[in-house]
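# Working through the structure, step by step
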Amino acid sequence: MPSRVSDAIKPHKHVLDFTSLQELPESHAWSSLDSPSSNNPPTAADSSVSESVPVIDLDNPNAQELVGRACKTWGAFQVMNHGIETSLLDRIESTGKSLFSLPTHQKLKAARAADGVSGYGVARISSFFSKLMWSEGFTILGSPLEHARQLWPHDYNHFCGIIEEYEKEMQKLAGRLMGLMLGSLGIAQEDVDWAGPNKEGAAAIQLNSYPACPDPDRAMGLAAHTDSTLLTILYQNNTSGLQVLRDASGWVTVPPVPGALVVNIGDLLHILSNGSYPSVLHRAVVNRTQQRLSVAYLYGPPSNVQISPLSKLLDPTHPPLYRPVTWTEYLGAKAKHFNEALSSVQLCIPRTGLVNQNNVENRVEII
Ligand SMILES: O=C(O)CCC(=O)C(=O)O
Ligand SMILES: [Fe+2]
């Protein structure tokens, strides 16, 4: 198991030239237990399931209440009238497509360094699985300039300009969504000092490409995970693939809705809300005919801020369930424990309801 975030990144030799493959290589063939088709529970496309991830119009006067309900029940929702221009979404999609359609040797010039986070490579969670995923990604943390120069020596400004604009707009939307989420918990955004209207959180952008796959039932685009963020805003092109886990219905497809953006609750909001807004387990599946592209805006608090359950949500019958962690520290826990990271920062709640503060370093169970 890797011990640092950067260790969770596979060396670039695992990147495939997907276009040259007629068959699924063994390295990418998931066993029947893990593969998307095994035990496949009903999906939203099945007529037996009427429920689907809520689509919320942010201009609706009841938006805050609808967001709160979606956070509690689904951990995910889609938003309309979010203020991001369609032309910007079109531009990020087309620049993402042009990045992934560069020749492999060119993309590898911008490969993630062994100890880095930014750049081109396989899914960053790959090290936790014995099989590889049917996807490639490009992560942007800070300025993309150096990597863009490697990819497009004569035209790197085009890419950088779009990324800069996208980040600026997403930052605004993420702040607005945080306001709605906190408001729905009965908390004013101004009361959380790092989340006020003029404060800026930290963020990364993850471009994902899922090429058409010769054997989609045995391949995995991106394995099930929760995001280590407060919230993630996801743009998906007009190709299905994203699924969220809903206890009663199993994996439910989040269909692309023209103009909508998907919002996922991440582990840090789970902690902040003391478990009221659980982070959502999600994955991406692939298909035989169409490339799918997604752009995730991974939004978190400033990296040195300690995140802990909001004091207004606590009382003797609702003790804090998680210990305080910074985003950096939590990413370290994720790189070590992956999908067990949340329980690694869970506090021990004795039957009295009091929290054992001594038992915070190790993974503890609620007893
Ligand atoms: O491509 C998708 O739909 C999901 C991407 C995702 O979950 C991620 O980048 O964390
Ligand atoms: Fe994700």
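Above this note sits the structure.
Here the structure is a predicted model, which is why all the values come from computation and not from measurement.

## Let's talk about helix H2 (residues 86-100)
Here H2 contains 15 residues, and its C-alpha end-to-end distance of 21 Å stays within 8% of the 21 Å for a straight helix at 1.5 Å per residue. Here H2 has its buried residues at Leu88, Leu89, Ile92, Glu93, Thr95, Gly96, Leu99 and Phe100.

## Here's the deal with the environment of valine 295
Summarising the element assignment, valine 295 is placed in strand S12 (residues 292-300). In this structure valine 295 comes out as buried when scored by relative accessible area, which is 0%. Contact partners of valine 295, with chain neighbours within four places excluded, come to Ile92, Tyr166, Ile205, Gln206, Leu207, Ile233, Leu234 and Tyr235.

## With respect to the environment of arginine 149
Turning to its location among the elements, arginine 149 is positioned in helix H4 (residues 145-151). When its relative accessible area of 35% is taken as the criterion, arginine 149 is described as partly exposed. Separated by 190 residues in sequence, arginine 149 and asparagine 339 have C-alpha atoms that sit 35 Å apart.

## Describing the site of ligand 1
Ligand 1 sits among Gln206, Asn208, Tyr210, Leu222, His225, Asp227, Leu234, Leu242, His282, Arg292, Ser294 and Ala296. Note that an oxygen atom of ligand 1 is positioned 2.7 Å from one of the side-chain N or O atoms of serine 294. Notes on ligand 1: free accessible area 300 Å², of which the protein chains cover 94%. Those elements giving two or more residues to the shell around ligand 1 turn out to be strand S5 (202-210), strand S6 (222-225) and S12.

Here is what the cut-offs are and how they apply
- Residues numbered from 1 in each chain as written.
- Chains lettered and ligands numbered in written order.
- Predicted model: local features only at pLDDT ≥ 70, side-chain atom pairs only at ≥ 80, totals over all residues.
- Heavy atoms only, no water.
- Helix = DSSP H or I, 4+ residues; strand = E, 2+ residues; numbered from the N terminus.
- Expected span 1.5 Å × (residues − 1).
- Buried < 20%, exposed > 50% of the residue type's maximum accessible area, 1.4 Å probe, protein only.
- Contact = heavy atoms within 4.5 Å.
- Near = heavy atom within 4 Å.
- Polar contact = N/O pair within 3.5 Å; in protein donor to acceptor, adjacent residues only side chain to side chain.
- Areas by Shrake-Rupley, 256 points an atom, 1.4 Å probe, with all protein chains shown as cover.

Scope: geometric values only; no functional claims are made or implied.
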